[in-house]
Amino acid sequence: MNTNKILFFIALGSVISALVIIPMIIFKPWITIDPLYVSGKVFYLRITEPLILDEIVFSQKKESGNINSYIIKPENPNYKLAKVDVELTNHSESIVKILIDEKAAELITKSQGRFLPINSVASSEIINNENLNNVIEFSPLWGSVDLLSYEFIKGSLVFEVPPNINFSQFSWLASDSITIAYKE
């Protein structure tokens, strides 16, 4: 076999290999992407699907070591509560001030209905620690926070919503603008 044919087959094999390997390197199809983890200009935002509940019962350990239990109920008895867990990371090089309040986020329905978070701190009522069957993991995310560079906070936002509703998007509006679409 002559040398030109060998070089031709080596070149052809290299081109075919490049056509397969380069897109795999660029698009990384073996790495799964979390659709509920998105970057904005200032923050990385990770959220969960809304968990719809009749009420939220949670416990927190105080600095004294005592454990207090709380309940959050919807103001409208015909409504439910939607709990969304949020992790917010400052990926900028500077300190970012955030005010997490009624204007910090929105849950959006397919028909463009918008629901704002309720003040989960003010809405929490202390209850007796006995016979707590439906306690969930919950840490209110509310108030003013200074996030250092690459520091993060985690907590939950609560939304009062009508029953049997489907959400299409979550929008974060405090100190950045990030919208995450839920799977259909």
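You'll find the structure just up there.
Residues numbered from 1 in each chain as written. Predicted model: local features only at pLDDT ≥ 70, side-chain atom pairs only at ≥ 80, totals over all residues. Heavy atoms only, no water.

Novice: I keep staring at the environment of proline 23 and nothing clicks. Help me out?
Specialist: Within the secondary structure, proline 23 is located in helix 1 (residues 3-27). Residue proline 23 is classed as partly exposed on the basis of its relative accessible area of 34%. As for proline 23 and serine 111, which are separated by 88 residues in sequence, their C-alpha atoms are 38 Å apart. (Helix = DSSP H or I, 4+ residues; strand = E, 2+ residues; numbered from the N terminus. Buried < 20%, exposed > 50% of the residue type's maximum accessible area, 1.4 Å probe, protein only.)

Novice: Is there a simple way to explain the environment of glutamate 49 in this structure?
Specialist: The residue glutamate 49 is located in the loop between strand 2 (43-47) and strand 3 (51-53) in this model. Classification of glutamate 49 as partly exposed rests on a relative accessible area of 40%. Taking C-alpha positions, glutamate 49 is 20 Å from aspartate 101, a pair spaced 52 residues apart along the chain. Every residue in contact with glutamate 49, bar those within four places of it in the chain, is listed here: Leu36, Lys83, Tyr182 and Lys183. (Contact = heavy atoms within 4.5 Å.)

Novice: Teacher, can you tell me more about the sheet that holds strand 4 (residues 56-61) here?
Specialist: Overall, antiparallel pairing links the three strands, which are arranged 4-5-11 in an open sheet. Both edges of this open sheet fall to strand 4 and strand 11 (125-127), since each of them pairs with a single strand only. Strand-to-strand twist of the sheet, defined as the mean angle between neighbouring strand axes without regard to direction, takes the value 40°. Where strand 5 (residues 67-72) meets strand 11, three bridges bridge the pair, whose relative direction is antiparallel. Note that in strand 11 the partner of serine 69 across the bridge is isoleucine 127. (Pairing = 2+ DSSP bridges. Axes fitted to C-alpha atoms, helices over the stretch in contact; angles between N-to-C directions.)

Novice: I tried to follow the sheet that holds strand 8 (residues 105-109) on my own but got confused; where do I start?
Specialist: As a general point, the strands of a sheet are linked pairwise by backbone hydrogen bonds and lie either parallel or antiparallel. Strands sit in the order 9-8-14-15 across an open sheet of four strands; the sheet is antiparallel. The open sheet has two edge strands, strand 9 (114-115) and strand 15 (178-181), and neither has a second partner. Bridging between strand 8 and strand 14 (residues 167-172) involves five bridges; their strand directions are antiparallel. Bridge pairing in strand 14 places glutamate 106 opposite serine 171.

Novice: How should the pattern of salt bridges be read in this particular structure?
Specialist: Oppositely charged side chains can pair when the atoms bearing their charge come close. Here the structure, examined in full by the defined rule, presents five salt bridges. Across the salt bridge formed by lysine 154 and glutamate 87, the nearest N and O atoms sit 3.9 Å from each other. With lysine 154 in strand 13 (residues 152-161) and glutamate 87 in strand 6 (residues 80-90), the pair connects residues that are 67 residues apart, well separated along the chain. A residue is classified by how much of its surface remains accessible, and lysine 154, at 56% relative accessible area, is exposed. Residue classification places glutamate 87 among the buried residues on the basis of a relative accessible area of 18%. Among the salt bridges present, the one from aspartate 146 reaches lysine 97, with a minimum N-O distance of 3.3 Å. Of the two residues, aspartate 146 is situated in strand 12 (residues 143-147) and lysine 97 in strand 7 (residues 96-100); the sequence distance between them amounts to 49 residues. (Salt bridge = Lys/Arg side-chain N within 4 Å of Asp/Glu carboxyl O.)

Novice: In this structure, what is going on with the nonpolar core? I would like to understand it.
Specialist: Soluble globular proteins tend to pack their nonpolar side chains together in the buried interior. Of all hydrophobic cores here, the largest spans 30 residues; its most connected members are Phe159, Phe170 and Trp172. Elements represented by at least two residues in this core include exactly strand 2, strand 6, strand 7, strand 8, strand 12, strand 13, strand 14 and strand 15. Ignoring anything within four residues of it in the chain, the contact list for phenylalanine 159 reads Lys80, Leu81, Ala82, Val84, Ala105, Glu106, Leu107, Phe115, Leu116, Pro117 and Phe170. Phe58, Tyr70, Leu81 and Phe138 belong to the second-largest nonpolar core, a separate cluster that totals nine residues. (Core = buried A, V, L, I, M, F, W, Y, C linked by side-chain atoms within 4.5 Å.)

Novice: How do you make sense of the side chain of threonine 109 when you look at a structure like this?
Specialist: Within the fold, threonine 109 resides in strand 8. Assessed through its relative accessible area of 4%, threonine 109 is described here as buried. One polar contact links the side chain of threonine 109 to the main-chain amide nitrogen of glycine 113, over a distance of 2.8 Å. (Polar contact = N/O pair within 3.5 Å; in protein donor to acceptor, adjacent residues only side chain to side chain.)

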